[in-house]
Each structure stands twice: as C-alpha cells, then as structure tokens.
Amino acid sequence: MEGFQFKKFAVRHDRSAQKVGTDAVLLGSWADVEGDDFLLDAGTGCGLIALMLAQRVEHESRIAAIDIDDGSLKDATENKQQNPFGSKVEVYKVDIADYRPQKKLDHIVSNPPFFRESLAAPNRERDTARHDRSNFLENLQKLFIEGSSEDAKLSVILPETEGIAFIHSNKDHGLFLSRKLNVRSRKGMKVERLLLEFRKQETELEEEELILYTDDANRVRSIKYQQLCGDFYL
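The shown structure was predicted, so the numbers you read here are calculated from the model rather than taken from an experiment. (Residues numbered from 1 in each chain as written. Predicted model: local features only at pLDDT ≥ 70, side-chain atom pairs only at ≥ 80, totals over all residues. Heavy atoms only, no water.)

1. Here we look at the sheet that holds strand β5 (residues 89-93)
- The eight strands are arranged β5-β4-β3-β6-β7-β9-β8-β10 in an open sheet whose pairing can be described as mixed. A strand with exactly one partner marks an edge of an open sheet, and here the two such strands are β5 and β10 (206-211). Pairs of neighbouring strands in the sheet enclose a mean axial angle of 15°, with direction left out of account.
- Of the pairings in the sheet, the one linking strand β7 (residues 148-158) to strand β9 (residues 193-199) comprises six bridges and is antiparallel in character. (Pairing = 2+ DSSP bridges. Helix = DSSP H or I, 4+ residues; strand = E, 2+ residues; numbered from the N terminus. Axes fitted to C-alpha atoms, helices over the stretch in contact; angles between N-to-C directions.)

Next up, the structure:
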C-alpha cells in the first residue's frame, strides 16, 4: 500500500488518480478556514485536502469531498475512516457539474485539473485528474456563484498562466481576487504556482510570495514554507 505520513494522520493514495503532492499540501495549509461552517473539497482525490481542512476547522464544521474517480473515492473513504478528524468529512461520488450542496457553501477549496493544452497523461485516470477536459474550472466558478453564501470564499491552486486566466474570468463574472500567493521553487526562479482566493465582494488584495526551497537540490524547505505547512509535514 502506497501512502504518505503527516504529523497527525496518514493517507493512502495508491488507488487515486492523483497522488499526494506539494500543491495539495500548500492549498490545504494556506486556505483561510476561519469562520467556515460548510466547506467543499472539489476533486478530492485521496481526500488529503478535505482531511487537512478537517484538522484546521472548528469542531462543528462539515466538509463535503467530491470526485468521480472510483479509485480516488476508495482511498478517500478509507482515509476518512482511519483519520482522527474524519468524522467531519463526507465523501461523495458526483461530478462537479451535478453537485448540489445541501445548503449554501461557506468555502470551496480545489486543486483542479489544469493542463488544458498539454500532452495527455499516460493513463486515463491520471489524465482525468490533471487535464481540464470537462470544463472543471467553469463548473467550479458556476458552483461558487450559485451554490455558496454571499460571504463565501473560493480557494484554488493553479499554474501561473492558468491562474491569471482564471482571475480574469472570475472578474468578468463579478468575482474578486482577495488573496494571492506567488510560489517559486527557489529564489530567482519563475513563479510556478498561484494560490488564489476569491470572494463575491471586493476587498483589499493581500499578495505574498513563497520560496519553497533554500537548497533545491537537497529539498531543504525555507523557513516560511516550514511555517505554512508546519502542522502537517513531519
């Protein structure tokens, strides 16, 4: 069984279309969950982000975790059952285009498929997880507009090009960028990922930068990276 050990829980991801990676850990650590009662992890994979949110939110909060890949759902369900925070999470097999929340969402968090123009991944499941061939971002945007409260947040992680395009698309739909974290693997490198938070009301933008490694070759995490993910990484 292939898995990953965090400080307070472990996850298996051998059946999942998308394995545990830096993107998910960054987003699960960075998303602002203060005051959130009902959250959604859209495209949950093995359930990692949902479980990270469960560790961070208030005791009464609930997290829905949705996916369409059977292997991912098996991992997510098992990880939830064996996680000390898993009682806050409910796993559902449903396409994001068909998901109808039981009540208005307070926060949608997603590590979405994003390689729209790149070569396909070598297997069907990973292709589904990593390539946006089903208008995932458009459906995510629509769900946020129609299925969340007026004070809700939408938090995603995307490559820079796709992230900038998503910022413009959301602006066209009356959604405002409220937080932005530019992620570089090391100093002097180009921005590789954008962590983005959107709201329905315009607020002053909070923008920061994160350098992941001080020694990229040996994967020595920067102090800021350690602080951000300190509740999870061993």
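This is not the end of the story, as more comes after the structure.
2. A look at the pairing of strand β3 (residues 38-42)
- The element β3 is extensively covered by neighbouring structure, given that five of its five residues are classed as buried.
- Judged by which residues are buried, β3 turns out to be covered on both faces: Phe38, Leu40 and Ala42 on one side and Leu39 and Asp41 on the other are all buried.
- Two strands pair when backbone bridges link them, and β3 and strand β4 (residues 62-67) are joined in this way by five bridges, in the parallel orientation. The residue of β4 that forms the bridge with Leu40 is Ala64.
- Note that the unit made of β3, helix α2 (residues 48-56) and β4 has a crossover that is right-handed.
- As paired elements, β3 and strand β6 (residues 105-110) share three bridges and run parallel to each other. Note on β6: the bridge partner recorded for Leu39 is His107. (Buried < 20%, exposed > 50% of the residue type's maximum accessible area, 1.4 Å probe, protein only. Right-handed = clockwise from strand over helix to strand, strands pointing away.)

3. Focus on the pattern of salt bridges
- The tally for this structure, following the rule as stated, stands at 14 salt bridges.
- For Arg12, the salt bridge identified is with Asp75, shortest N-O distance 3.4 Å. In this pair, Arg12 sits in strand β2 (residues 10-12) while Asp75 sits in helix α3 (residues 70-81), placing the two residues 63 residues apart along the sequence. Across this residue pair, the class does not change: Arg12 and Asp75 are buried.
- A salt bridge links Asp70 to Lys93; its shortest N-O distance comes to 2.7 Å. Of the two residues, Asp70 sits in helix α3 while Lys93 sits in strand β5, which places them 23 residues apart along the sequence.
- The network of salt bridges with shared partners includes Arg12, Asp14, Arg15, Asp75 and Glu78. (Salt bridge = Lys/Arg side-chain N within 4 Å of Asp/Glu carboxyl O.)

4. So, the environment of Ile68
- Within the secondary structure, Ile68 is located in the loop between β4 and α3.
- The exposure class of Ile68 is partly exposed, given its relative accessible area of 41%.
- For the pair Ile68 and Arg56, spaced 12 residues apart in the sequence, the C-alpha separation amounts to 25 Å.

5. Examining the confidence of the model for the protein chain
- Residues with a pLDDT of 70 or more make up 90% of the protein chain, whose mean pLDDT is 91.
- pLDDT under 50 marks residues 116-133. Its contacts with residues more than four places away, or in other chains, come to 35 contacts. (pLDDT = per-residue confidence, 0-100. Contact = heavy atoms within 4.5 Å.)

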